[in-house]
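Results of the structural survey
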Amino acid sequence: MKVAFPYMGTTVIYKKLLELLGNQVVTPPKPSQRTIDLGVKYSPEFACFPLKVITGSYIEAIEKGADTLVTSGGNGPCRAGFYEKVHRRILEEEGFDADFIVFNSPYLDWNNFIKNAKKIKGDTSVFKVVSSLKTVFYMIKKLDDLEKRVQKIRAYEVTKGQTTKVWEDIQSIFDKAYTKKEVQRAYIESMVLLDKIKTKEVKEDKRLRIGIVGEIYVVMEPTINIKMEEMLGNLGVEVERSQYLYDWVCYSTLSKMPLINKTHEKKIVELGEEYIPINIGGHARQSVGHIVDYHNRGFDGVIHLMPFGCLPELVTQSIIPKISNELDIPVLSLSLDEQTGVANTLTRVEAFVDLIKGKKRKKIS
Ligand code: SF4
């Protein structure tokens, strides 16, 4: 079985888990213009943008030899739950041959979850599965910690682009780690690399902090959000995302155990419920909750990313003016699709950063 997965964020983690479970892994290429073009060509025009990019990504993975696509499912009133069916049909009709293994929440269908887990683990012993899960979980935590540091340091780096280069090196270092001890060593080596980056001294009251919220795929995958974190870092802004893999895994695992679930994400959902009382799918509630949370934590502004055609984030966008007014926090909403241009977006982001800088100056004086 040659397995691939949708390309999203720090893919080294998904690759590692599948490898440790004894699979031959085909990592799809980083989404590029070709990926988007393929996705747009074969997907329905009205589909949301992530579906199109993932279509292109699957085709590129199959071209590289993948025969099985491993992905997460979805439920609730958004289209994520139909992704697998739509992708399966597109690939079949266009003559791309691949099987799907779809992981839905075990709370929805425990038997199906176990059936899929057995397919993925093959002959791997239960002992090895447990130790692999522990190693990968530890790796997720360490990589998320490092990425949060990267998102701060980048704002003050002396040599433009150095932090991004170091972050790429860090992911390569982690790619070579297969045990908890090796992950520990990779973490220490990565911290040393980050410590070596020369940064400018900026006084605390001059630092700008922006939170990025929105639909998970466009928030986490830089190649389709026009490298928003880098763009902001280059403008001297510290960044934090609403979605990190570690938080998502913890929250998803404990979502049906309210007494044990003390995750930050749970608080975020509660904050979001005030504005969106019912589940409308996607991450709309979290997007709203995170805006409130960023305000409470003293962030200077928020950038809201929504894929074109995403209904939950359309609802978030309609609520943003109310939250922004009530909490006095500037929020810039950006819709992303295959037509989104870098120059146009950069101009809007620069204007937004100027606005929050001015606002901060006024507050201090
Ligand atoms: S959250 Fe939005 S972009 Fe994601 S699957 Fe649902 S509708 Fe599509």
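Everything that follows concerns the structure shown earlier in this document.
Residues numbered from 1 in each chain as written. Predicted model: local features only at pLDDT ≥ 70, side-chain atom pairs only at ≥ 80, totals over all residues. Heavy atoms only, no water.

1. Points about the overall build of the chain
Across its full length, the chain carries 15 helices and eight strands. Taking 21 Å as the expected radius of gyration for a compact globule of 365 residues, we find that the chain reaches 21 Å, a close match to that expectation. Here the C-alpha coordinates of the chain stretch approximately 65 × 45 × 45 Å along the principal axes. Going through the 365 residues of the chain one by one, you find that 50% of them count as buried. Summarising the internal contacts of the chain: among those between residues at least 6 apart in sequence, 72% fall at separations of at least 24. (Helix = DSSP H or I, 4+ residues; strand = E, 2+ residues; numbered from the N terminus. Rg over C-alpha atoms; globule rule 2.2 N^0.38 Å. Buried < 20%, exposed > 50% of the residue type's maximum accessible area, 1.4 Å probe, protein only. Contact = heavy atoms within 4.5 Å.)

2. Here we look at the environment of isoleucine 280
By the element assignment, isoleucine 280 lies in the loop between helix H12 (264-273) and helix H13 (284-296). On the basis of relative accessible area, isoleucine 280 is assigned to the partly exposed category, the value being 22%. Put simply, isoleucine 280 and valine 315 are 35 residues apart on the chain and 8.7 Å apart in space, counted from C-alpha to C-alpha. Beyond its immediate chain neighbours, meaning those up to four positions away, isoleucine 280 contacts Pro77, Pro312 and Val315.

3. Concerning the sheet that holds strand E4 (residues 99-103)
With parallel pairing, four strands are arranged side by side in an open sheet as E2-E1-E3-E4. A single partner strand is all that each edge strand has here, and the edge strands are strand E2 (24-25) and E4. One ladder, built from five bridges, connects strand E3 (residues 68-72) with E4; its direction is parallel. Paired with valine 70 across the two strands is isoleucine 101, which belongs to E4. Where helix H5 (residues 110-121) meets the sheet, its contacts fall on E3 and E4, and the angle it forms with E4 comes to roughly 130°. (Pairing = 2+ DSSP bridges. Axes fitted to C-alpha atoms, helices over the stretch in contact; angles between N-to-C directions.)

4. Considering helix H1 (residues 12-20)
In terms of residue burial, H1 counts as a mostly covered element, since seven of its nine residues are buried. What H1 keeps buried is the set Val12, Ile13, Tyr14, Lys15, Lys16, Leu18 and Leu20. Where H1 ends, the next residue or the one after it, glycine 22, has phi of about 90°, a positive value.

5. Examining the sheet that holds strand E8 (residues 331-336)
Read from one edge to the other, the open sheet built from four strands follows the order E6-E5-E7-E8, with strand pairing classed as parallel. For this open sheet the edge positions go to strand E6 (237-241) and E8, each flanked by a neighbour on one side alone. Sheet twist, expressed as the mean angle between neighbouring strand axes with direction ignored, is 25°. As judged from the five bridges shared by strand E5 (residues 208-214) and strand E7 (residues 301-307), these two strands associate in the parallel manner. Residue pairing for E7: isoleucine 212 is matched across the bridge by isoleucine 303.

6. Topic: the layout of surface pockets
What the second largest pocket holds in volume is close to 630 Å³. Every residue lining the second largest pocket is counted, 31 residues in all, and those nearest its centre are Lys30, Trp167, Glu168, Gln171 and Pro222. Mapped onto the lining of the second largest pocket, the elements with two or more residues apiece are H1, helix H6 (126-153), helix H7 (162-175), helix H9 (216-220) and helix H10 (228-234). Tallying contributions element by element places H7 first for the lining of the second largest pocket, with six residues. Counted by class, the lining of the second largest pocket contains nine nonpolar, 10 polar and 12 charged residues. (1 Å grid on protein atoms, 1.4 Å probe; cavity = no way out; pocket = protein on both sides within 12 Å on 5 of 7 lines; lining within 4 Å. Points joined across faces, edges and corners; volume = space filled by probe spheres on them. Nonpolar A, V, L, I, M, F, W, Y, C, P; charged D, E, K, R; others polar.)

7. Observations concerning the pattern of salt bridges
Scanning the model with the defined rule gives 24 salt bridges in all. For lysine 15, the salt bridge is made with glutamate 19, and the minimal N-O distance between the two is 3.2 Å. Remark: glutamate 19 and lysine 15 occur in helix H1; sequence separation between them is four residues, near one turn of the helix. With a relative accessible area of 22%, glutamate 19 lands in the partly exposed category. (Salt bridge = Lys/Arg side-chain N within 4 Å of Asp/Glu carboxyl O.)

8. A look at the environment of leucine 327
Tracing the chain through its elements places leucine 327 in helix H14 (residues 311-327). Assessed through its relative accessible area of 17%, leucine 327 is described here as buried. On a C-alpha basis, the gap between leucine 327 and histidine 295 in space is 7.0 Å, while along the polypeptide they are 32 residues apart. Among all residues touching leucine 327, those that are not within four sequence positions of it are Val292 and His295.

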